[in-house]
Amino acid sequence: MRNMLLFLAMASATLSLGLATETPAPHFTINLDDAPDVRFQQVAEHYRRMAPYIVKELETVVPKAVQGLLIDGAEEFMKRLKPDYDAEMRSLAKVWNISVGYVVAANIMYDFTAACTSIVMQGEDGRLYHGRNLDYSFGDVLRNITFIAKFQRNGKPVYTLTTYAGYFGALSGMRHNAFTVTVDERDQGAIWENVAAALLDKKSRSLGFLVRETLETEDMDFVGAVEKLSNTPLIAPVYLIVGGTAPGQGAVITRDQLRAIDVWYLDPDAGRWYVLETNYDHWKPPPQTDDRRDPAEKIINAAGRSKAGYALLQTVLNTPPVLNKHTTYTVFMSAAHPEDYKSWIQRI
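Calculation criteria
- Residues numbered from 1 in each chain as written.
- Predicted model: local features only at pLDDT ≥ 70, side-chain atom pairs only at ≥ 80, totals over all residues.
- Heavy atoms only, no water.
- Pairing = 2+ DSSP bridges.
- Helix = DSSP H or I, 4+ residues; strand = E, 2+ residues; numbered from the N terminus.
- Axes fitted to C-alpha atoms, helices over the stretch in contact; angles between N-to-C directions.
- Buried < 20%, exposed > 50% of the residue type's maximum accessible area, 1.4 Å probe, protein only.
- Salt bridge = Lys/Arg side-chain N within 4 Å of Asp/Glu carboxyl O.
- Parallel < 35°, antiparallel > 145°, perpendicular 65-115°, else oblique.
- Left-handed = near helix turned anticlockwise from the far one by under 90°.
- Contact = heavy atoms within 4.5 Å.
- Nonpolar A, V, L, I, M, F, W, Y, C, P; charged D, E, K, R; others polar.
- Phe/Tyr/Trp six-rings, centres within 6.5 Å; stacked < 30°, edge-to-face > 60°.

Here the focus is the sheet that holds strand 6 (residues 156-164). As a general point, the strands of a sheet are linked pairwise by backbone hydrogen bonds and lie either parallel or antiparallel. Strands sit in the order 2-5-6-7-8-9-10-11 across an open sheet of eight strands; the sheet is mixed. Taken across any chain shown, the strands that pair with only one partner, and hence form the sheet edges, are strand 2 (27-31) and strand 11 (260-265). Adjacent strand axes in the sheet meet at a mean angle of 20° when their direction is disregarded. As judged from the five bridges shared by strand 10 (residues 250-255) and strand 11, these two strands associate in the antiparallel manner. Directly across from Val 252, in strand 11, lies its bridge partner Trp 264.

What follows is the structure, given as structure tokens:
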């Protein structure tokens, strides 16, 4: 029975691959030694032609009442950011000839509306593997602005992200030889009401910028990342999926705005050799209308721990409904093996 389930899973993945086109994401090097207003100059110029489409998408997706609040509240929001991030965003707005309010709107919207599947698994040899799909309902534009950003300092790599032009936080990233992290929306409903409330709450942090700041922090490791990401007030409920470099270092952090309400760790000795998160609390059944968890778990359980690795992750992440028409990109990474980092754009 187990072999049959695995066969069916592989067959399903093969069919899905036949319908999907995988395009390698372009790479850009971001030099943290450069002045903040020039770091993303190459990215801004490369994707400048996409700016009108991004603005149009924002005006289509975001309710008009919230659009005004986002644009009017942009300056107040920018005051909460590190000065470097403020300068990066203003520089791009200038190159794209758009209001910085639209850049703020894009960064907040991505934080609130990401549907995703994230997995950290540990092989029998203790090696960790982290994979994710990132889904958005407005994926057609996002696929055309997806890229890999390789951040370096003093000529040495520091961290790597897969991201979108115009987004300056981090939703999928790896600090080399330290930890990996992905962000999944925690579906709490009333998205735009939450956005409006977040703009008015001066004590809360943007989750994407918090994740990037954590990736940039010198000497940050898995334990420190879990601690920081669990306890910093945020503008929205969220799931943070973190992988480390040592056996057992994998966790799903379930957040409300104030703190973690649950941290779910790998425990291979107890049979929990992987943790998997979509957009629903792991201790509750997912809704039948959006159940990506159960199909993914069936594939993983049928394969077994001896098959842990990128091939199994690819099978899972390329199988419907885990892979779907909203999937914009897929990422594979392992902090202890930064050379493994791979990301591609998904088109179905």
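To continue, consider the sheet that holds strand 3 (residues 115-122). With antiparallel pairing, the six strands of this open sheet are ordered in space as 1-14-13-4-3-12. Unpaired on one side and paired on the other, strand 1 (21-24) and strand 12 (274-277) mark the two borders of the sheet. Each adjacent strand pair in this sheet contributes to an overall mean axis angle of 15°, direction not counted. Both strand 3 and strand 4 (residues 128-135) contribute to a ladder of eight bridges, which runs antiparallel.

Moving residue by residue along a regular strand, the side chains alternate between the two faces of the sheet. Counting buried residues in strand 8 (residues 179-185) gives seven out of seven residues, a clear majority hidden from the surface. Where strand 7 (residues 172-175) meets strand 8, four bridges bridge the pair, whose relative direction is antiparallel. Its bridge partner lying in strand 8, Gly 173 is registered against Val 181. In this structure, the hairpin formed by strand 7 and strand 8 is closed by a connection of three residues, where Asn 177 is found at a positive phi of approximately 60°.

Before going further, it helps to spend a moment on the pattern of salt bridges. This model, assessed by the stated rule, comprises 17 salt bridges. Glu 45 is paired through a salt bridge with Arg 48; the nearest N and O atoms lie 2.8 Å apart. In this structure, the salt-bridge partner of Arg 292 is Asp 290, at a minimum N-O distance of 2.8 Å. One continuous salt-bridge network, built from bridges that share partners, spans Arg 39, Lys 82, Asp 84, Glu 88, Arg 212 and Glu 216.

With that settled, the discussion passes to helix 14 (residues 310-317). In terms of burial, helix 14 is largely enclosed, as six of its eight residues are buried. For helix 14, the set of buried residues is Tyr 310, Leu 312, Leu 313, Thr 315, Val 316 and Leu 317.

Looking now at the packing of helix 4 (residues 51-61) against helix 8 (residues 100-112). The contact between helix 4 and helix 8 brings their axes to 11 Å, and the two run at 60°. On the basis of their axis angle, the class for helix 4 and helix 8 is oblique. In terms of crossing hand, the pair formed by helix 4 and helix 8 is left-handed. Counting all contacts with helix 4, which are made through Val 55, Leu 58, Glu 59 and Val 61, the residues of helix 8 involved are Tyr 102, Ala 105, Ala 106 and Met 109. The residue inventory of the contact of helix 4 with helix 8, partitioned by class, reads seven nonpolar, no polar and one charged.

Another aspect to go through is unusual backbone geometry. Here Pro 320 and Pro 321 are connected by a cis peptide whose omega angle stands at 0°. Positionally, Pro 321 belongs in the loop between helix 14 and strand 13 (327-333). Positive phi outside glycine occurs at Asn 97, with the angle close to 60°. Mapped onto the fold, Asn 97 is located in the loop between helix 7 (83-96) and helix 8. Since its relative accessible area comes to 69%, Asn 97 is described here as exposed. The residue Asn 154 is not glycine, and still its phi comes out positive at about 55°.

Turning our eyes to something else, we now look at the packing of aromatic side chains. Applying the stated criterion across every chain yields a total of 15 aromatic pairs. Measuring from ring centre to ring centre gives 6.1 Å for Phe 28 and Tyr 47, while their planes differ by 55°; the resulting arrangement is tilted. On the criterion of sequence distance, the pair formed by Phe 28 in strand 2 and Tyr 47 in the loop between helix 3 (41-46) and helix 4 is long-range, its members being 19 residues apart. The exposure class of Phe 28 is buried, given its relative accessible area of 7%. Each ring, one from Tyr 136 and one from Tyr 164, has its centre 5.8 Å from the other, and the planes form 70°; the classification is edge-to-face.

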